[in-house]
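Residues per chain, in single letters:
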Amino acid sequence: MAKYILRVEAVNIYDLIKDTQNLSTIRGAGLMILDAAGKIKNVPDNNKKIKIKNFKTISTGASIGMFSFEADDEDKAEDFRNKVAEFLSNDSNLMHATFVVDIQPILNAESFMKDYEKVIAKNRWRQFQQLTVVLPEKNSSNDTKICALDKLRRGTCEETIQGEKKSISTSVSKRFKYGKGQKQKFYENQLKKLNVKLEDKDGKKQKFTTDFKSLSSNLKRGNLHHKIAVIYLDGNKFGTIRNRCCQTPGALTDFDGTLKKYQRGFLKALVKDRMLNDSGYITDDKKLRIETLLWGGDEMMWVVPAWKGWSVLGAFYESSKGWKFRGEHLTHAAGLVFCHHNAPIHRVTSLCRDLADKVKANKDRPAENEFQYVVMESFDHIGQDIEKFRLTQVPFSYQYTLDGNKMGEIADTIRKFIKEFPRNQVYNAIRAAIEDTQNNTLTEQDAFNKRLEEVLGTSHNHYVDNRFSNNNIFGQDPRGWWLHLAELWDYIPQEVREL
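Below is a summary of the structure that appears in this document. Computed from a predicted structure; not experimentally measured.

**Details of the layout of surface pockets**
Where empty space is left can be seen by rolling a probe of water-molecule size over the atoms.
Point 1. Its boundaries defined by the atoms lining it, the largest pocket holds a volume of some 1000 Å³.
Point 2. Forming the walls of the largest pocket are 48 residues, and the residues nearest its centre are Ala62, Ser63, Ile64, Asp298 and Glu299.
Point 3. Of the residues contributing to the lining of the largest pocket, the split by class is 23 nonpolar, 14 polar and eleven charged.

**Concerning a nonpolar patch on the surface**
Point 1. On the surface, Leu131, Val133 and Leu135 cluster together to form a nonpolar patch covering roughly 290 Å² of accessible area.
Point 2. Inspection of the secondary structure assignment puts Leu131 in the loop between helix 5 (112-129) and strand 5 (157-161).
Point 3. Judged by relative accessible area, Leu131 falls into the exposed class, the value being 54%.

**Some words on the sheet that holds strand 2 (residues 52-60)**
Point 1. Here we have four strands laid out as an open sheet, ordered 2-3-1-4, and antiparallel in their pairing. Either end of the sheet is taken by a strand with one partner, and the two such strands are strand 2 and strand 4 (98-105). On average, each strand axis in the sheet is tilted by 20 degrees relative to the strand beside it, whichever way the strands run.
Point 2. Bridge count between strand 1 (residues 2-11) and strand 3 (residues 64-71): eight bridges; the pairing is antiparallel. Paired with Ile5 across the two strands is Ser68, which belongs to strand 3.
Point 3. Sheet strands touched by helix 4 (residues 74-90): strand 1, strand 2, strand 3 and strand 4. Its angle to strand 4, the strand with the most contacts, is close to 165 degrees.
Point 4. Of the strands in this sheet, strand 1, strand 3 and strand 4 are in contact with helix 5, which crosses strand 4 at around 145 degrees.

**Remarks on the environment of Lys237**
Point 1. Of note, Lys237 is situated in the loop between strand 8 (227-235) and helix 8 (238-245).
Point 2. Its relative accessible area of 52% is what places Lys237 among the exposed residues.
Point 3. Between the C-alpha atoms of Lys237 and Asp298, which are 61 residues apart in sequence, the distance is 9.4 Å.
Point 4. Lys237 has contacts with Lys360 and Ala367, leaving out every residue within four places of it along the chain.

**Here we look at the pattern of salt bridges**
Point 1. The final tally for this structure, using the stated rule, is 24 salt bridges.
Point 2. The salt bridge involving Glu328 is made with Arg244; its shortest N-O contact spans 2.8 Å. Here Glu328 is found in strand 13 (residues 328-329), whereas its partner Arg244 is found in helix 8, with 84 residues between them in sequence.
Point 3. By relative accessible area, which is 48% here, Arg244 ends up partly exposed.
Point 4. Between Arg415 and Asp412 there is a salt bridge whose closest N-O contact spans 3.3 Å. Highlighted residues: Arg415 and Asp412, both in helix 13 (residues 407-420), separated by three residues, approximately one helical turn.
Point 5. Overlapping salt bridges, with partners in common, bring together Asp19, Asp150, Arg153 and Arg175 in one network.

**Quick look at unusual backbone geometry**
Point 1. Phi is positive for Asn12, which is not a glycine, with a value near 55 degrees.
Point 2. The phi angle at Arg326 is positive, at roughly 50 degrees, despite the residue not being glycine.
Point 3. When you line up the elements, Arg326 lands in the loop between strand 12 (324-325) and strand 13.

**Regarding the packing of helix 9 (residues 249-274) against helix 10 (residues 306-320)**
Point 1. Contact pair helix 9 / helix 10: the axes reach a minimum separation of 10 Å and the direction vectors enclose 130 degrees. Taken as axis vectors, helix 9 and helix 10 run oblique relative to one another. Here helix 9 runs over helix 10; the crossing is right-handed. Within the contact between the two elements, helix 9 uses Phe266, Leu270 and Arg274 and helix 10 uses Ser311, Val312, Ala315, Phe316 and Ser319.
Point 2. Of the residues contributing to the contact of helix 9 with helix 10, the split by class is five nonpolar, two polar and one charged.

**Here's the deal with the pairing of strand 4**
Every other side chain in a regular strand lies on the same face of the sheet, so the side chains alternate between the two faces.
Point 1. The buried fraction of strand 4 amounts to eight of the eight residues, a majority that puts the element mostly inside the structure.
Point 2. Sheet topology places strand 1 next to strand 4; eight bridges connect them, and they run antiparallel. When the sheet's bridge partners are listed, Val8 is paired in strand 4 with Val101.

**Considerations on empty space enclosed by the protein**
Point 1. Within the structure shown, the criterion is met by three cavities of 30 Å³ or more.
Point 2. Looking at the largest cavity, it is lined by 13 residues, and the ones nearest its centre are Asp15, Leu16, His96, Val133 and Val134.
Point 3. For the lining of the largest cavity, the element with the highest residue contribution is helix 1 (residues 13-17), accounting for three residues.
Point 4. Broken down by class, the residue content of the lining of the largest cavity amounts to seven nonpolar, four polar and two charged.
Point 5. What the second largest cavity holds in volume is close to 70 Å³.
Point 6. Around the second largest cavity, the lining comprises 13 residues; the ones closest to its centre are Ala36, Ala37, Ser63, Ile64 and Gly65.
Point 7. Those elements that provide at least two residues to the lining of the second largest cavity are strand 1, helix 2 (23-40) and strand 3.
Point 8. If one sorts the elements of the lining of the second largest cavity by residue count, helix 2 sits on top with five residues.
Point 9. Looking at side-chain class alone, the lining of the second largest cavity contains ten nonpolar, three polar and no charged residues.

**Re the packing of aromatic side chains**
Point 1. One pass over the full model with this rule turns up 22 aromatic pairs.
Point 2. Geometrically, the ring pair formed by Phe55 and Phe80 is edge-to-face, given 5.5 Å between the ring centres and 80 degrees between the ring planes. Within this pair, whereas Phe55 is found in strand 2, its partner Phe80 is found in helix 4, the two being separated by 25 residues in sequence.
Point 3. With relative accessibility at 1%, the residue Phe80 sits in the buried group.
Point 4. Its end group placed over the ring of Tyr14, Lys18 keeps NZ or CZ at 5.2 Å from the ring centre.
Point 5. Here the basic side chain of Arg353 rests over the ring of Tyr232, its NZ or CZ set 5.1 Å away from the ring centre.

**Points about helix 11 (residues 345-360)**
Point 1. Here helix 11 contains 16 residues, and its C-alpha end-to-end distance of 23 Å stays within 8% of the 22 Å for a straight helix at 1.5 Å per residue.
Point 2. Here helix 11 has its buried residues at Ile345, His346, Val348, Thr349, Leu351, Cys352, Arg353, Leu355, Ala356 and Val359.

Thresholds, definitions, all that
- Residues numbered from 1 in each chain as written.
- Predicted model: local features only at pLDDT ≥ 70, side-chain atom pairs only at ≥ 80, totals over all residues.
- Heavy atoms only, no water.
- 1 Å grid on protein atoms, 1.4 Å probe; cavity = no way out; pocket = protein on both sides within 12 Å on 5 of 7 lines; lining within 4 Å.
- Points joined across faces, edges and corners; volume = space filled by probe spheres on them.
- Nonpolar A, V, L, I, M, F, W, Y, C, P; charged D, E, K, R; others polar.
- Patch = residues over 30% accessible without salt bridge, like charges linked within 9 Å, V, L, I, M, F, W, Y side chains within 5 Å.
- Areas by Shrake-Rupley, 256 points an atom, 1.4 Å probe, with all protein chains shown as cover.
- Salt bridge = Lys/Arg side-chain N within 4 Å of Asp/Glu carboxyl O.
- Helix = DSSP H or I, 4+ residues; strand = E, 2+ residues; numbered from the N terminus.
- Buried < 20%, exposed > 50% of the residue type's maximum accessible area, 1.4 Å probe, protein only.
- Pairing = 2+ DSSP bridges.
- Axes fitted to C-alpha atoms, helices over the stretch in contact; angles between N-to-C directions.
- Contact = heavy atoms within 4.5 Å.
- Parallel < 35°, antiparallel > 145°, perpendicular 65-115°, else oblique.
- Left-handed = near helix turned anticlockwise from the far one by under 90°.
- Phe/Tyr/Trp six-rings, centres within 6.5 Å; stacked < 30°, edge-to-face > 60°.
- Lys NZ or Arg CZ within 6 Å of the ring centre and 35° of its normal.
- Expected span 1.5 Å × (residues − 1).

Have a look at this one:
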């Protein structure tokens, strides 16, 4: 019998995830795709006529599943490929996503990586040949309602959404129901694999908020009431590490298992150990304030209250700084956006990805745990270039990329600074920086230092210089120190225990 790779990938996934702004629908699309690999594992068991043997999972991610199996010949292997594709197109939930399914013979143990690249190439070729969306059923009626959520397909189902009955399409309905039902189960299922029960202090199943409004509602938080933090994490050079260290199916399975173990371990530390013991994460009706928008592979995305965004990202970097696979450090670039809870979520998540890409863009530096952040007090469309947008705020560049391993140190510095320095002086310093950039006769830094002494006084200037320059947490340009201080003033918890 010959051995084969079967690779299944959900493609064009943003056409499925980004076609509505409804949170349950977005969540449902992501979780449906995440759960697809688990369903595929059952295809051979549910169809005894399939003539294959030793069907095994090699690795699974957020949208990809790779398996191995044995078949007598290529015709029988292709029959199995067809069965898997047929299953995906007939499943009541997965039929609304687009998948590519391909097989590749494994010639021998030494050829695995070449065979792995070949099956990926086959997936890409198949993707180019098929439609990017699943076409809805044909409509022959003139009075059909339009889907209230995607504004494109025809409304064929009625669902109660935020207390109002709405006509929505079959595709949206399936995702909406799946997302609503799986919200509470996602964390439970992930932690169950660590033999951890997710229960509140009363021994009941822990529940979670289901919308951004309740997630971010807390009048005691002042101007952070109804503000959220969106956190996106992307592994640095995971593909390179995978190719270098995983020359066999077993090694790839090991990499997949190691990464999942790390991720679930952090989820347990975050949800069970941290959130359940901190009232800042818990609503008045005892629900936890967190939403997972992306999970699996080398990408993760969470939404938490704005007053916890810095803490959650800092906790991840603290937890993950020891992550390794066969001697290779597993590091992450991140994007962090603080914004209002009703900001258009797809534009916010795209901005998070752009920020992480900016971190990765410096090819001269080794991959590190680093991040960039943006505070959007009112979410204006910033266009395609985040750098140009930043220059509309202040007319000079400064160090935007920060060290994720120093988030606690940054928070400690800012927290002490806030207790000792008036906020209006911070804005005076920034105005000085902007004015001297626009009208400088000296070098930019000399002009700023001279003006800063005029605005704050010599003692204040030296105090600030010593506070920030000793640990180089915000770079070498003093103008950037003040801008980071002003941006993060409200978002750094004032109590150490909240970090």
